[in-house]
Amino acid sequence: MSIVTKKGDGGNTFLPGKTEAVQKDHPRIECLGALDELDAFLVVSEISLMVNGSSPAAKVISEIRKELSTVVMPAAAGSLVIDIPGLNTDWLERQIIKMEEKNPLRGFVRTWTRAAAANLNAARSICRRAERRMTSAAKSGQENAGAALLPWLNRLSDLLFMLAVSEELR
């Protein structure tokens, strides 16, 4: 089977588990796309952290990616759930506190000189976009759109920023 199906040429796509097409700018597709971008850039960040050997930050990113992989899945009824209750927001908060203790902020960092720090900051920005898309989906009445995921994404973006600061100061 070829990856070229031509089914999306008219701007439509299919939600997992659905047989009817939706527009590619459907709120759930926007959420899925933003989460896919986030995962892709977390991989870039993880690889850039490991360039000079093992990195504690790379292990944190690996744990985040494991949890993110559980977020988007087809529901039994065929609708798409973009939310998983029980996401480990507390773990993210503990990681942030550890990072703040090691590197207390003295202002907002805007310049990144290290590749790993810049990649983590880009991942943070993509995470914020995913959060905005999830907020829009929830406002548009998409059921299961973000009740547990929104706080998790909010903490994740904070953690990604602190990881970027840590890498910049390394």
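Residues numbered from 1 in each chain as written. Predicted model: local features only at pLDDT ≥ 70, side-chain atom pairs only at ≥ 80, totals over all residues. Heavy atoms only, no water.

Novice: Can you break down the layout of surface pockets residue by residue, with the values?
Specialist: If a probe the size of a water molecule is rolled over the atoms, the empty space left behind becomes visible. Taken as a whole, the largest pocket holds about 210 Å³ of empty space. Considering the residues around the largest pocket, the lining is formed by Ser55, Pro56, Ala57, Val60, Gln95, Lys98, Met99, Lys102, Leu163, Ser166, Glu167 and Arg170. At the level of secondary structure, the elements contributing two or more residues to the lining of the largest pocket comprise helix H2 (56-68), helix H3 (89-102) and helix H5 (149-169). Sorting elements by how many residues they give to the lining of the largest pocket places H3 first, with four residues. Residues of the lining of the largest pocket, tallied by class, amount to five nonpolar, three polar and four charged. (1 Å grid on protein atoms, 1.4 Å probe; cavity = no way out; pocket = protein on both sides within 12 Å on 5 of 7 lines; lining within 4 Å. Points joined across faces, edges and corners; volume = space filled by probe spheres on them. Helix = DSSP H or I, 4+ residues; strand = E, 2+ residues; numbered from the N terminus. Nonpolar A, V, L, I, M, F, W, Y, C, P; charged D, E, K, R; others polar.)

Novice: Account for the packing of aromatic side chains, naming residues and giving values.
Specialist: Tallied over the full model, the rule gives one aromatic pair. Ring geometry for tryptophan 112 against phenylalanine 161: centres 6.1 Å apart, planes inclined by 85°, an arrangement best described as edge-to-face. One end of the pair, tryptophan 112, is in the loop between H3 and helix H4 (115-139); the other, phenylalanine 161, is in helix H5, and 49 residues separate them in sequence. Classification of tryptophan 112 as buried rests on a relative accessible area of 18%. When its relative accessible area of 8% is taken as the criterion, phenylalanine 161 is described as buried. (Phe/Tyr/Trp six-rings, centres within 6.5 Å; stacked < 30°, edge-to-face > 60°. Buried < 20%, exposed > 50% of the residue type's maximum accessible area, 1.4 Å probe, protein only.)

Novice: Got a sec to walk through the nonpolar core? Specific residues and values, please.
Specialist: Core analysis: the biggest nonpolar cluster contains 38 residues, and Leu38, Ile64, Trp152, Leu160 and Leu163 have the highest contact counts within it. For this core, the secondary-structure elements that each account for two or more residues are helix H1 (27-49), H2, H3, H4 and H5. A total of eleven residues in this core trace back to one element, the largest contributor, which is H5. Sequence-distant contacts of leucine 160, that is, excluding residues within four places in its chain, are made with Leu38, Leu42, Ile61, Leu120, Ala123, Arg124 and Cys127. (Core = buried A, V, L, I, M, F, W, Y, C linked by side-chain atoms within 4.5 Å. Contact = heavy atoms within 4.5 Å.)

Novice: Tell me what's going on with the confidence of the model for the protein chain, and back it up with residues and numbers.
Specialist: Per-residue confidence for the protein chain averages 83 on the pLDDT scale, and 85% of its residues sit at or above 70. Averaged pLDDT values for the elements of the protein chain fall to 52 in strand S3 (residues 72-74) and rise to 93 in H3. A low-confidence stretch, residues 74-80 (pLDDT under 50), is modelled with 16 contacts involving residues beyond four sequence positions or located in other chains. (pLDDT = per-residue confidence, 0-100.)

Novice: So what about the pattern of salt bridges? Which residues, and what values?
Specialist: Inspection of every chain in the model, using the stated rule, returns nine salt bridges. A salt bridge links glutamate 30 to arginine 133, with the shortest nitrogen-to-oxygen separation between them at 3.3 Å. One end of the pair, glutamate 30, is in helix H1; the other, arginine 133, is in helix H4, and 103 residues separate them in sequence. With a relative accessible area of 29%, arginine 133 lands in the partly exposed category. Note that aspartate 39 is salt-bridged to arginine 65, the shortest N-O span being 2.9 Å. (Salt bridge = Lys/Arg side-chain N within 4 Å of Asp/Glu carboxyl O.)

Novice: Requested: an account of the packing of H1 against H2, with residues and values cited.
Specialist: At a minimum axis separation of 9 Å, H1 and H2 run at an interaxial angle of 160°. By the angle between their directions, the pair H1 and H2 is classed as roughly antiparallel. Remark: the crossing between H1 and H2 carries left-handed chirality. Here Leu35, Leu38, Asp39, Leu42, Val43, Glu46 and Leu49 of H1 lie close against H2, whose contacting residues are Ala57, Ala58, Ile61, Ser62, Ile64, Arg65 and Leu68. Grouping the amino acids of the contact of H1 with H2 by side-chain chemistry returns ten nonpolar, one polar and three charged. (Axes fitted to C-alpha atoms, helices over the stretch in contact; angles between N-to-C directions. Parallel < 35°, antiparallel > 145°, perpendicular 65-115°, else oblique. Left-handed = near helix turned anticlockwise from the far one by under 90°.)

Novice: Help me get a handle on the packing of H1 against H5, residues and values and all.
Specialist: Across the interface, H1 lies against H5 with an axial gap of 13 Å and an inter-helix angle of 25°. Between H1 and H5, the angle is such that the two are roughly parallel. Crossing angle aside, the handedness with which H1 passes H5 is left-handed. Together, Leu35, Leu38, Leu42 and Leu49 of H1 and Leu149, Leu153, Leu156, Leu160 and Glu167 of H5 make up the contact between the two elements.

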